[in-house]
Amino acid sequence: VQLQASGGGLVQAGDSLRLPCTASARTFSAWAVAWFRQAPGKEREFVATINWIGSNTNYAASVKGRFTISRDNAKNTVYLQMNSLKPEDTAVYYCAADRAYYSSYPRAGDMDYWGKGTLVTVSS
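Residues numbered from 1 in each chain as written. Predicted model: local features only at pLDDT ≥ 70, side-chain atom pairs only at ≥ 80, totals over all residues. Heavy atoms only, no water.

A. Inspection of the overall build of the protein chain at higher detail. Within the protein chain, the regular secondary structure consists of zero helices and 11 strands. Going from N to C terminus, the protein chain has its helices and strands arranged as β-β-β-β-β-β-β-β-β-β-β. Taking 124 residues into account, the globule formula puts the C-alpha radius of gyration at 14 Å, and the protein chain, at 13 Å, falls close to it. Each principal axis of the C-alpha distribution contributes one length, and for the protein chain these read about 40 × 25 × 25 Å. Considering only contacts in the protein chain between residues 6 or more positions apart, those separated by 24 or more positions represent 58%. Accessible area for the protein chain stands at about 6,500 Å²; split by element, carbon and sulfur atoms hold 47% of it. Of the charged side chains in the protein chain, 13 are positive and 9 negative, and the gap between their average positions amounts to 4 Å. (Helix = DSSP H or I, 4+ residues; strand = E, 2+ residues; numbered from the N terminus. Rg over C-alpha atoms; globule rule 2.2 N^0.38 Å. Contact = heavy atoms within 4.5 Å. Areas by Shrake-Rupley, 256 points an atom, 1.4 Å probe, with all protein chains shown as cover. Lys, Arg positive; Asp, Glu negative; His and termini not counted. Charge placed at Lys NZ, Arg CZ, Asp CG, Glu CD.)

See the structure below:
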């Protein structure tokens, strides 16, 4: 199973980006999906998560109110809409999937599949 995160780039503070995460498996639509990010010199951290049908979502406190996670199961895609970006949002963003469980605060070690990540750079 391959996950592919894309949509990263260089933006200015206050701008928006939307990151899609697509998967090769049809069963992707039945999995919980989460976004994590890793800034240079820091540990990977949780950003947002969504359950298989999109009825439950949760966010890290640092992005709540600015980021929105959603999914289109017909397209096998999960999105992370990032608004009002700040320089501290600069990181490599990864999407990950859990085949069995949805957690409000998933741990990176519990995820079953990972994408390669996409770099988001926010300049001040």
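Having seen the structure, we can now continue with the description.
B. Representation of the state of the cysteines. Throughout the structure, instances matching the rule amount to one disulfide. With its sulfur 2.1 Å from that of its partner, cysteine 21 forms a disulfide with cysteine 95. Measuring handedness by torsion sign, the sulfur bridge of cysteine 21 and cysteine 95 sits at about 70 degrees and is right-handed. Of this pair, cysteine 21 sits in strand S3 (residues 17-23) while cysteine 95 sits in strand S9 (residues 91-98); the two residues are 74 residues apart in sequence, bridging distant segments of the chain. Note on cysteine 21: relative accessible area 0%, which makes it buried. Overall, the relative accessible area of 0% leaves cysteine 95 in the buried class. (Disulfide = S-S within 2.5 Å. Buried < 20%, exposed > 50% of the residue type's maximum accessible area, 1.4 Å probe, protein only.)

C. Broad picture of the packing of aromatic side chains. For the coordinates displayed, the defined rule picks out six aromatic pairs. Both rings, one in phenylalanine 36 and one in tryptophan 114, keep their centres 5.1 Å apart while their planes meet at 45 degrees; by these two values the pair is tilted. Residue phenylalanine 36 is located in strand S4 (residues 32-38), and its partner tryptophan 114 is located in strand S10 (residues 113-114); the two are separated by 78 residues in the primary sequence. With relative accessibility at 27%, the residue tryptophan 114 sits in the partly exposed group. Here phenylalanine 46 and tyrosine 105 contribute two aromatic rings whose centre-to-centre distance is 5.8 Å and whose plane-to-plane angle is 70 degrees, an arrangement assigned as edge-to-face. Of this pair, phenylalanine 46 sits in strand S5 (residues 45-50) while tyrosine 105 sits in the loop between S9 and S10, and the two are 59 residues apart along the sequence. An aromatic cluster of three or more residues is present, and its members are Phe36, Phe46, Tyr94, Tyr105 and Trp114. Over the ring of tyrosine 94 we find arginine 44; its NZ or CZ atom is 3.8 Å from the centre of that ring. (Phe/Tyr/Trp six-rings, centres within 6.5 Å; stacked < 30°, edge-to-face > 60°. Lys NZ or Arg CZ within 6 Å of the ring centre and 35° of its normal.)

Worth remembering: the numbers are spatial, not functional.
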